[in-house]
Amino acid sequence: MTQTRTHGYLLDPRPTEAGQPFDATAALFDASTFRHFERIGVGPGWRCWEVGAGGPTVLAWLAKRVGPTGRVVGTDLDISRASAAARPPVEVRCHDVSAQEPPGEGFDLVHARLVLSQVTDRDRALHAMVRSLRPGGRLLIEDADDALQPLGCPEEHGPAQQLANHVRKGLRALLTERGADPAYGRRLPRLLREAGLVQVEAEAYFPLTAPAAAALETAMVQEARDRLVARSLVTGADIDRYVAQLASGTLDLATSPLISAWGRKA
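All values reported here derive from a predicted model rather than from experimental measurement. (Residues numbered from 1 in each chain as written. Predicted model: local features only at pLDDT ≥ 70, side-chain atom pairs only at ≥ 80, totals over all residues. Heavy atoms only, no water.)

What to know about the overall build of the protein
Part 1 of the argument: When helices and strands are tallied, the protein shows seven helices and seven strands.
Part 2 of the argument: For the protein, the α and β elements follow one another from N to C terminus as α-β-α-β-β-β-α-β-α-α-β-α-α-β.
Part 3 of the argument: In terms of overall size, the protein behaves like a compact globule, its C-alpha atoms giving a radius of gyration of 18 Å where 266 residues would be expected to give roughly 18 Å.
Part 4 of the argument: Structurally, the protein occupies a C-alpha span of about 55 × 35 × 35 Å along its principal axes. (Helix = DSSP H or I, 4+ residues; strand = E, 2+ residues; numbered from the N terminus. Rg over C-alpha atoms; globule rule 2.2 N^0.38 Å.)

Structural notes on the pattern of salt bridges
Close approach of charged atoms allows side chains with opposite charge to pair.
Part 1 of the argument: Considering all chains together, one arrives at 18 salt bridges under this definition.
Part 2 of the argument: Among the salt bridges present, the one from R134 reaches D108, with a minimum N-O distance of 2.4 Å. In this pair, R134 is assigned in strand β5 (residues 133–144) and D108 in strand β4 (residues 107–113), connecting sequence segments 26 residues apart.
Part 3 of the argument: The salt bridge involving R190 is made with E194; its shortest N-O contact spans 3.3 Å. In this pair, R190 and E194 both sit in helix α5 (residues 184–194), four residues apart, roughly one turn of the helix.
Part 4 of the argument: Three or more residues joined by partner-sharing salt bridges are found here, namely R35, R39 and E203. (Salt bridge = Lys/Arg side-chain N within 4 Å of Asp/Glu carboxyl O.)

Details of the environment of D23
Part 1 of the argument: Its location among the elements puts D23 in helix α1 (residues 22–40).
Part 2 of the argument: In this structure the C-alpha to C-alpha distance between D23 and D240, which are 217 residues apart in sequence, comes to 23 Å.

Observations regarding the sheet that holds strand β2 (residues 71–76)
Part 1 of the argument: An order of β3-β2-β1-β4-β5-β7-β6 is seen for the seven strands of this open sheet, with the pairing classed as mixed. Sheet topology places β3 (90–94) and β6 (197–205) at the edges, where each strand pairs with a single neighbour. Each strand axis lies, on average, 15° off the axis of its neighbour in the sheet, ignoring direction.
Part 2 of the argument: In the sheet, strand β1 (residues 47–51) pairs with β4 via four bridges, with the strands oriented parallel. Within β4, the position partnered with C48 by the bridge is L109.
Part 3 of the argument: Here α1 sits on the sheet in contact with β1, β4, β5, β6 and β7 (258–265), set at roughly 155° to β4.
Part 4 of the argument: Each of β1, β2, β3 and β4 is contacted by helix α2 (residues 57–66), which is oriented at about 165° to β2, the strand it contacts most. (Pairing = 2+ DSSP bridges. Axes fitted to C-alpha atoms, helices over the stretch in contact; angles between N-to-C directions. Contact = heavy atoms within 4.5 Å.)

Section: the packing of helix α6 (residues 211–230) against helix α7 (residues 236–248)
Part 1 of the argument: At a closest axis distance of 10 Å, the pairing of α6 and α7 adopts a crossing angle of 175°. Of the possible angle classes, the one that applies to α6 and α7 is roughly antiparallel. Here α6 contributes A214, E217, T218, V221, Q222, R225, L228 and V229 to the contact with α7, which in turn contributes G236, I239, D240, Y242, V243 and L246.
Part 2 of the argument: Of the residues belonging to the contact of α6 with α7, the class tally is eight nonpolar, three polar and three charged. (Parallel < 35°, antiparallel > 145°, perpendicular 65-115°, else oblique. Nonpolar A, V, L, I, M, F, W, Y, C, P; charged D, E, K, R; others polar.)

With respect to the nonpolar core
Part 1 of the argument: Ranked by size, the top nonpolar core spans 25 residues in total, and within it M129, L139 and I141 carry the most contacts.
Part 2 of the argument: Looking at this core, the elements that each hand over two or more residues are β1, β4, α3 (122–132), β5, α5 and β6.
Part 3 of the argument: For L139, the contacting residues outside a window of four places in its chain are V110, L126, M129, V130, L133, L192, L197, A261, W262 and G263.
Part 4 of the argument: Listed in part, the 24 residues of the second largest apolar core include L28, L174, A214 and L216. (Core = buried A, V, L, I, M, F, W, Y, C linked by side-chain atoms within 4.5 Å. Buried < 20%, exposed > 50% of the residue type's maximum accessible area, 1.4 Å probe, protein only.)

Here's the deal with the packing of aromatic side chains
Part 1 of the argument: One pass over the full model with this rule turns up five aromatic pairs.
Part 2 of the argument: Between F37 and W61, the aromatic rings sit 5.4 Å apart at their centres with planes inclined by 40°, giving tilted as the arrangement. Here W61 lies in helix α2 and F37 lies in helix α1, a separation of 24 residues in the sequence.
Part 3 of the argument: In this structure an aromatic cluster arises from ring pairing among F34, F37 and W61.
Part 4 of the argument: Above the face of the Y184 ring, R122 is positioned so that its terminal group lies 5.5 Å from the ring centre. (Phe/Tyr/Trp six-rings, centres within 6.5 Å; stacked < 30°, edge-to-face > 60°. Lys NZ or Arg CZ within 6 Å of the ring centre and 35° of its normal.)

Concerning the side chain of S117
Part 1 of the argument: Mapped onto the secondary structure, S117 falls in the loop between β4 and α3.
Part 2 of the argument: Exposure remark for S117: the relative accessible area of 12% places this residue in the buried category.
Part 3 of the argument: Separated by 2.5 Å, the side chains of S117 and D143 make a polar contact. (Polar contact = N/O pair within 3.5 Å; in protein donor to acceptor, adjacent residues only side chain to side chain.)

Section: the pairing of β4
Part 1 of the argument: Where burial is concerned, most of β4 is hidden: seven out of the seven residues are buried.
Part 2 of the argument: As paired elements, β4 and β5 share six bridges and run parallel to each other. Within the sheet, the bridge partner assigned to V110 lies in β5 and is L139.
Part 3 of the argument: Taken together, β4, α3 and β5 form a β-α-β motif whose crossover is right-handed. (Right-handed = clockwise from strand over helix to strand, strands pointing away.)

Right, dumping it as structure tokens:
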């Protein structure tokens, strides 16, 4: 069945009644992302493009590093949260990376976290990011690999954990049906090399048992609830039970491994 969308994303990027997942994503992954920025050497005067900015935390970190002589452009389809960081040297723009030209060129750093797996034209988006770099500029792409570790609770020792894994399986099936690639993260090093980058490296980050993981899972399940039930992937009763278990804080809930791959434009 053809999916009709008004944007190039697989899931609706707008706010939902379940709340924004940006705070949970920041709590889970910001420390790892910032470590990669430090390794790359982001510093005064750098020009940076943050793709799919979401919330303001990454933009604020980059702004402090590049200083008044630098430039940070944050783009997303929904900029309501990112706009909190919109003060010099940060500029925030509404932009669809899978359909529009880059918001500039000659960037020293382009970064996208949990973006490419959510767009319909991943190849176009990736090549747009590479094209926007200056020679010697750095690209850092971070995305999930659900197939590497598909379980919500890796230790399935009881009914609650079995339910978590059942719901996670339904979420994964829904995203795959809508065009997601559950093994996309592991492909990133090869894709960066094929796009012409050199000095390509990658690593995986795998949070296990973090309160933010439950908050992120709750937002995802609530956002996808109607489609999960309509496709008979999960029942409404199962979703209600799972959300209550997430709120209890008793599940050792895991995220999918986040693969970070980086390289330099020759």
